[in-house]
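Each chain is listed here by its residues.
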Amino acid sequence: MKAPELLLPAGSLDKMRAAYDFGADAVYAGQPRYSLRARNNEFRLEQLQQGIAEAHARGKKFFVTSNLLAHNDKLRTYLRDLQPVIELAPDALIMADAGLIMQVREKWPHIPIHLSVQANTTNWAAVKFWQRVGVARIILSRELSLAEVEQIRNECPDMELEVFVHGALCIAYSGRCLLSGYFNRRDPNQGTCTNACRWNYKTQDADVDPNTGEALARGEQLQGFSFGAEQERADEAGTARPARHPAADKVYLIEEEGRPGQLMPIMEDEHGTYIMNSKDLRAVELVEKLARIGVDSLKIEGRTKSQYYVARTAQVYRRAIDDAVAGRPFDPHLITELEGLANRGYTSGFLERRPAQNYQNYETGHSVATRSQFVGEVKAVTGGWAEVETKNRFAVGDWIEIIHPAGNRTVQLTTMKNAEGQAIQVAPGNPLHVWIPVEGPAEHALIARLQAPPGVPA
């Protein structure tokens, strides 16, 4: 079994280095103005130059994401702005727009192109089409099952395939969403998504003007419907929950909690909850199946996520890949380690077919860490003491995990000093520097506080 490439997001040079330190084979970073993280992208031309140079010095790969769906205005500047990026010799461009792909293929036929998930490739015929165009790799749509991925591999044996295995999921077809553009004029497909799907909405009943079709508020908030309660009642009765609620065909107005008084029409019936908020993708338990199918690259989403997220996911999925290739059974502890990351609940998405409600988080739109919390980053180690730049609160007596590329270890914190060398009991949070005792390698380690002692459920 060939080991698939492990591909991590790089939102900054520090995150790129953490990805490589903890096991990534390659990273992807956004081209300024032309990636779908235009608002949260620390990479400019100088950072791309440094990142590509460091990657190649380490024998790693560096892909540049240039995957927006261009409007006419972007066509005027695209090739001009891409020229200096091409000169840096990235290992591939990740692209979605057919017109831009055509232009790049004509001007720089030597540069490999990876077709972005934004292009929504869902079948083997589409893969063959892009192969004939000259695309080197297809990042398959997130809407595919394992069986569909396997069929594409069988029909297209000589094409590189990439599959997302971890990170945020969209409510639209692999990211092609219009909510942010509709609500506040920031187009997700131009790199300015505000994650409107994760906002908290209240729902009000409405009437429809028969002349104009406009939704008119009745001024009363709908009450009494709960997906959880509906499911419990169905389970107790031994029946399936109705696939469609009787009220789903009515028109409602929604009010986002941060914009009181601004009522927006929508055809939905999930009252007072996060109506469009998907759980996060987690497919670490499916790595062996994906490797056996012959997927070339396993991709983790999250260029806007923290350095801790990058390091932890790289380490966990690296171990999953290595175990799969070595023929070792899956280690369930890897799932536990991912619970230490802030998440909105996990799902394997469409890779394994399950009832629709398993994909959706109706309770909360924010991320929650259930096992551990990232609390600091080691900046220096001197004489058995580590200087920690704090990110969140921790205290003497806490159980902490020292996360290091050479291996993780869990210890109970017995003492701590402030920057002046005075004993303290609590590090209240960012941005302090404190000193804690360490044994073993700790340079550039990350520190997480466990929610419960080892062996005790959090």
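Computed from a prediction, not measured in an experiment: that's the story for all the values here.

Turning our eyes to something else, we now look at the confidence of the model for the protein. A residue-level look at the protein finds 76% of positions with pLDDT of 70 or above and a mean pLDDT of 84. Contacts for the low-pLDDT stretch residues 267-274, under 50 throughout, to residues beyond four places or in other chains number 35 contacts. For the stretch residues 359-364, pLDDT sits under 50, and the model shows 27 contacts to residues farther than four places along the chain or on other chains.

This brings us to helix α2 (residues 45-57). Taking 1.5 Å per residue as the helical rise, α2 with its 13 residues ought to reach 18 Å, and the 18 Å between its terminal C-alpha atoms agrees with that figure. By the burial criterion, the buried members of α2 are Leu48, Gly51, Ile52 and Ala55. In a view along the axis of α2, the buried residues occupy a sector of 95°, so they form one face of it. The exposed set on the far side of α2, more than 90 degrees from its buried face, consists of Glu46 and Ala57.

Our next topic: helix α4 (residues 98-107). For α4, the complete set of buried residues consists of Leu100, Ile101 and Val104. Looking straight down α4, one finds its buried side chains confined to an arc of 100°; they lie on one side. Of the surrounding elements, those touching the buried residues of α4 are α3 (72-86), β4 (92-95), β5 (113-115) and α5 (124-133). Measuring from the side-chain oxygen of the N-cap residue of α4 to the backbone nitrogen of glycine 99 gives 2.9 Å; that N-cap residue is aspartate 97.

On to the environment of glutamine 412. Looking at where glutamine 412 falls in the secondary structure, it is placed in strand β19 (residues 409-412). By relative accessible area, which is 40% here, glutamine 412 ends up partly exposed. Placed 38 residues apart in sequence, glutamine 412 and leucine 450 show a C-alpha to C-alpha distance of 9.8 Å. Ignoring any residue separated from it by four or fewer positions in sequence, one finds glutamine 412 in contact with Gly397, Asp398 and Trp399. Within the structure, glutamine 412 has its side chain in polar contact with the backbone oxygen of glycine 397 (distance 3.0 Å).

Conventions used here
Residues numbered from 1 in each chain as written. Predicted model: local features only at pLDDT ≥ 70, side-chain atom pairs only at ≥ 80, totals over all residues. Heavy atoms only, no water. pLDDT = per-residue confidence, 0-100. Contact = heavy atoms within 4.5 Å. Helix = DSSP H or I, 4+ residues; strand = E, 2+ residues; numbered from the N terminus. Expected span 1.5 Å × (residues − 1). Buried < 20%, exposed > 50% of the residue type's maximum accessible area, 1.4 Å probe, protein only. Arc of directions from axis to C-beta. Polar contact = N/O pair within 3.5 Å; in protein donor to acceptor, adjacent residues only side chain to side chain.

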